[in-house]
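The residues making up each chain are set out below.
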Amino acid sequence: MADTNTVLLVNAPYLDLYGGDVPGTGYYFPLGLGYIASYLQKHGFGVELVCEDGKTDVMEEVRSRLASRAYLCLGVSCMTSSFNSALKIASAAKEAAPATPVIFGGAHISAMGGSVLSEQPGIDLLCTGEGEIPMLQLVSMLRDGFEDWSQIQGLFWRDDKGVVHNNGPAPFHQNLDDFPFPARDLVDFDRFALHSHVASGNRRAGTIVTSRGCPFNCIFCSAHLTHGRKYRFHSDDYVVDEIRLLREHYGIEHVFIEDDSFTVVKDRVERLCRRFRTDLPNMTFGCFSRVDIFDERMAAMLQSAGVRLVVFGIESGVPEVLKKMNKGADVGKARQAIELCRRHGIESYASFVVGFPFETRRDIQQTIDFGSRLDASSVTFNPLVPYPGTPLFNPGKHLPSTPEGWERFLTSGTPPFDICPEVTASELKRMVDRAHLRYYLQPRRLLGLLRTLRSWRDFRSLAAAAARMIQRQFGGG
Ligand code: B12
Ligand code: SF4
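Because the structure is predicted, anything quoted here is derived from the model rather than measured. (Residues numbered from 1 in each chain as written. Chains lettered and ligands numbered in written order. Predicted model: local features only at pLDDT ≥ 70, side-chain atom pairs only at ≥ 80, totals over all residues.)

### Considering the pairing of strand E8 (residues 205–208)
Here's step 1: Here E8 shows a buried face lined by Ala-205 and Thr-207 and a second buried face lined by Gly-206 and Ile-208.
Here's step 2: With four bridges connecting them, E8 and strand E11 (residues 254–257) associate as parallel partners. If you follow Ile-208 over to E11, its bridge partner there is Ile-257. (Buried ≥ 20, exposed ≤ 12 C-beta atoms within 10 Å, placed from the backbone. Helix = DSSP H or I, 4+ residues; strand = E, 2+ residues; numbered from the N terminus. Pairing = 2+ DSSP bridges.)

As C-alpha cells, this is what we get:
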C-alpha cells in the first residue's frame, strides 16, 4: 500500500510557443485533465492540477509540489506542439521526486504511441485515447502496491529490459455521464473566466464538451485518435446541469462548446436549444459546425438558444481540393452557412487550411479569394501542419531530430512546412499574411477586431502579430 492517495496532474505549458504575437490565446482550462481529475475524485483519490493561468510558473510549481509531499504519480497532458514542454516537466519531476511514476497522455501521445516510451527515459508510462478509465485502474494499482500493467488497456509500459509493451487500445466509454463534470474547482477559475480566448465581449466565459468522437474523416485531422469516430454524447440533463453550474457557481455568462461538431445530430441540437431557451435564459454560446449540416432551421434554432458565434472549418474554396481532403462538404454550402449566420445575427468564423500536396498555387489563391469574399465575421487561412497520426505525416520528412522540433507543429509555427510542390513554405506564409492583412485592415473589420480586445496585453499581441506579418511581406521573419 502506498502512503498517499493523491495524484498530481499537469497541462504542459504552451503559450510561449505563440511568441506573444497571436491575439486571443488566453488561458484555457484543460477539460481533458479536468475530467480525469473528477473521475479519480469520484473514486476516492485526491487530485491536484497545475496549468497555465497567467500567474503560475508551471515548472516551478511542479518542482515545489513534488519536493514538498508524496504523490501516487504525475500525469502530464500534451499536444504535439507542447510535447517538448511536457518533456521538460518530466525531467524536472525526475529530479525533484525520482520515485514518482510519470505518465503522459493527450493528443500527441495518442498519435505516437509506444515510440515515445522507447525514446524518452524520463517517462514511465503512456496512455493513448481517453484517460479516465485507464488512469483510474493505474492509480488504484499504485495505491494498492499491485502493479500489473498488462491488465490495463490503453497503457504502454517498459519491462525490466526496457522493452515496450501495451495491451491494445481501451474501448471508448459509451456512457459519458459516468464521468462527473470536469473538476474546475482545482484551479482559481476566475483566471480562466476573465481571460479566456473564447471570450465574448466582456462576458465571463467558460468551455464545455457535450460530445466526443467525430464520424468524419478529414485527412489533416487526428481528433479520432483520442475520441474515436463514433459520436457519443452526454444526456441533455447533464449538459444543462453543467452549464447551470458554470453560471451559478462560477458566474459564467458565455459558454463555448468545444465539441468537434456540436451540430451533428439534429434532433439532439433541437432538444438542447429548447432547454437552453427555457432553463438557461440570458446565457450566450459559441460552437463549431460543419457547413453541410447548417441550414435555415439550424441557424434559427441556434440563434434563439443564445448562440452568438459559429466556427466553420470550411478549409478550401476549390471543390476538387475539398474532395481530396475528404471534407465531404461543398463551397455552395459554405457560402450558404455564412449567409445564414449573417441573416440570423450570428457571428461566423471561417477557417481554411492551405498548402496540401495536391494543391496548385492557383488553388491556394482561389481559396484565399473565396474566403476573403465570403463576408464572414472573421477568417483565418492556416498553413497546413502534418500532424502525426494523419496520412500527411511522413516520418522520413517530418519526424524532428530533437524534441524541440515538435514545437513548430502549430498553425502559426515557424518555419512552416514545405509540403505543397508549387509553393514554398515561406511563400505560403507570405500569401496567408497578405490575405489576413487585406481582410482585417478594412475599416469595418478593423473596428470589429479592436472591439474583441479585452486588455492591453491583447492589444500588444495584435500589434506585434500585424508587425510581423508586414515584416514578412518584405522578406523578413
Ligand atoms: C479546446 C482545444 C484547444 C484549446 C485548449 C486545449 C486544452 N489543453 O484543453 C486551445 C485553444 C488552447 C488549443 C490549442 C491548440 N490545439 Co487544440 N483542441 C482543442 C479541442 C477542440 C478540444 C480539446 C478538449 O477539451 N477535448 C475534450 C477532452 C475530454 O479530451 P482531451 O483533451 O483529448 O483529453 C482526453 C484524452 O486526450 C486523454 N488525456 C489527455 N491528457 C491526458 C493526460 C494523461 C496523464 C492521461 C492518462 C490521459 C490524458 O484523456 C482525456 C479525457 O478523456 C481538440 C479537439 C478534440 N476533439 O479533442 C483540439 C485538438 C486537441 N487541438 C489540436 C491542435 C492542432 C491545436 C493547436 C496546435 C492549434 C494551433 N493553434 O496551432 C494548439 C496547440 C496548443 C498546445 N497545447 O500545444 C489538435 C491536436 C493535434 C495534435 N496532435 O496536437 C486537436 C485534436 C484538433 C484537431 N481536430 O486536429 N486546443
Ligand atoms: S476536421 Fe472536424 S469534421 Fe473533420 S474529422 Fe476533424 S473533427 Fe471531424
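### A short note on the site of ligand 1
Here's step 1: Close to ligand 1 lie 39 residues, the nearest being Gly-32, Gly-75, Ser-77, Gly-105 and Gly-131.
Here's step 2: Elements with a contribution of two residues or more to the shell around ligand 1: helix H1 (31–42), strand E3 (74–77), strand E4 (102–105), helix H4 (107–112), helix H6 (132–144) and helix H8 (224–227).
Here's step 3: The biggest single contributor to the shell around ligand 1 is H1, with five residues.
Here's step 4: Split by residue class, the shell around ligand 1 holds 19 nonpolar, 16 polar and four charged. (Near = placed C-beta within 6 Å. Nonpolar A, V, L, I, M, F, W, Y, C, P; charged D, E, K, R; others polar.)

### Comments concerning the site of ligand 2
Here's step 1: All residues in the neighbourhood of ligand 2 are listed as Cys-214, Phe-216, Asn-217, Cys-218, Cys-221, Ala-223, Asp-260, Ser-261, Arg-290 and Gly-313.
Here's step 2: Grouping the amino acids of the shell around ligand 2 by side-chain chemistry returns five nonpolar, three polar and two charged.

### Details of the sheet that holds E3
Here's step 1: In spatial order, the strands read E2-E1-E3-E4-E5-E6-E7; together these seven strands make up an open sheet with mixed pairing. If you trace the sheet from one side to the other, it starts and ends with strand E2 (46–50) and strand E7 (164–166), each paired once. Across this sheet, the average inter-strand angle for adjacent strands is 20 degrees, counted without regard to direction.
Here's step 2: Direction of pairing for strand E1 (residues 6–11) relative to E3: parallel, over a ladder of four bridges. By the bridge assignment, Leu-8 is partnered in E3 with Leu-74.
Here's step 3: Contacting E1, E3 and E4, helix H3 (residues 83–96) crosses the sheet at an angle of about 165 degrees to E3. (Axes fitted to C-alpha atoms, helices over the stretch in contact; angles between N-to-C directions. Contact = placed C-beta atoms within 7 Å.)

### Structural notes on the nonpolar core
Note that soluble globular proteins tend to have their nonpolar side chains buried in a common cluster.
Here's step 1: Ranked by size, the top nonpolar core spans 137 residues in total, and within it Val-7, Val-10, Val-76 and Leu-126 carry the most contacts.
Here's step 2: Setting aside chain neighbours within four positions, we find Val-7 in contact with Leu-40, Phe-45, Val-47, Tyr-71, Leu-72, Cys-73, Gly-75 and Val-139. (Core = buried A, V, L, I, M, F, W, Y, C linked by C-beta atoms within 7 Å.)

### Quick word on the packing of H1 against H6
Here's step 1: Where H1 contacts H6, the axes come no closer than 9 Å and their chain directions differ by 45 degrees. One finds that H1 runs oblique with respect to H6. Classified by chirality, the crossing of H6 by H1 is right-handed. Of H6, the residues touching H1 (which contributes Tyr-35, Ile-36, Tyr-39 and Leu-40) are Glu-132, Met-135, Leu-136 and Val-139.
Here's step 2: Of the residues belonging to the contact of H1 with H6, the class tally is seven nonpolar, no polar and one charged. (Parallel < 35°, antiparallel > 145°, perpendicular 65-115°, else oblique. Left-handed = near helix turned anticlockwise from the far one by under 90°.)

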